[in-house]
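Chain by chain, the residues:
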Amino acid sequence: MIKSNLNCIVSSCAYNNDGYCYASHIKINGYDAINSKDTNCETYVKGSFESLSSKSDEVITNSQNISCSAKNCTYNFYGGCNADHVLISTRDSKCDTF
């Protein structure tokens, strides 16, 4: 069973729980990005899921909860993300779906 169409393999992020993002909304930066290494997840918070002082974000984030400033990304649709699946990678929280 698929929980979300957004997966995050940044194990050092406090919102990551077993590969799923529990931030209520994420923001991808990279306005002039020409590839994934020029992007990053601004929502990244160093820590562990267990250490979050407030676990009010109990809903798994999906690609509809992404705002994206990467104007050159194929999936950027008026600042939102319309990709079928999104992967945030371990390389400094880059958006591999770019």
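Quick note: structure is the one above.
The notes below deal with the structure included here. In this text, all values refer to a predicted model and were calculated from it rather than measured experimentally. (Residues numbered from 1 in each chain as written. Predicted model: local features only at pLDDT ≥ 70, side-chain atom pairs only at ≥ 80, totals over all residues. Heavy atoms only, no water.)

All chains considered together, the criterion is met by two aromatic pairs. Relative to Phe49, the ring of Tyr22 lies with its centre 5.2 Å away and its plane at 50°, an arrangement referred to as tilted. Here the residue Tyr22 occupies a position in the loop between strand S3 (20-21) and strand S4 (26-29), and Phe49 occupies one in the loop between strand S5 (40-41) and strand S6 (66-68), the gap between them amounting to 27 residues. The same class applies to Tyr22 and to Phe49, which are both buried. Summarising the aromatic geometry, the rings of Phe77 and Tyr78 are spaced 4.8 Å apart at their centres and angled 80° between planes, so their arrangement reads as edge-to-face. In this pair, the class of Phe77 matches that of Tyr78, namely exposed. (Phe/Tyr/Trp six-rings, centres within 6.5 Å; stacked < 30°, edge-to-face > 60°. Helix = DSSP H or I, 4+ residues; strand = E, 2+ residues; numbered from the N terminus. Buried < 20%, exposed > 50% of the residue type's maximum accessible area, 1.4 Å probe, protein only.)

A few words now on the pattern of salt bridges. Opposite charge on two side chains permits them to pair, given that their charged atoms come into close proximity. A complete count under the given rule lists two salt bridges for this structure. For Glu42, the salt bridge identified is with Lys27, shortest N-O distance 4.0 Å. With Glu42 in the loop between S5 and S6 and Lys27 in strand S4, this pair connects stretches of sequence that are 15 residues apart. (Salt bridge = Lys/Arg side-chain N within 4 Å of Asp/Glu carboxyl O.)

Another aspect to go through is unusual backbone geometry. With phi around 60°, Asp18 is a residue other than glycine that occupies positive phi space. Assignment of secondary structure puts Asp18 in the loop between strand S2 (16-17) and S3. In this structure, Tyr78 takes a positive phi of about 55° despite not being glycine. Looking at where Tyr78 falls in the secondary structure, it is placed in the loop between strand S7 (76-77) and strand S8 (80-81).

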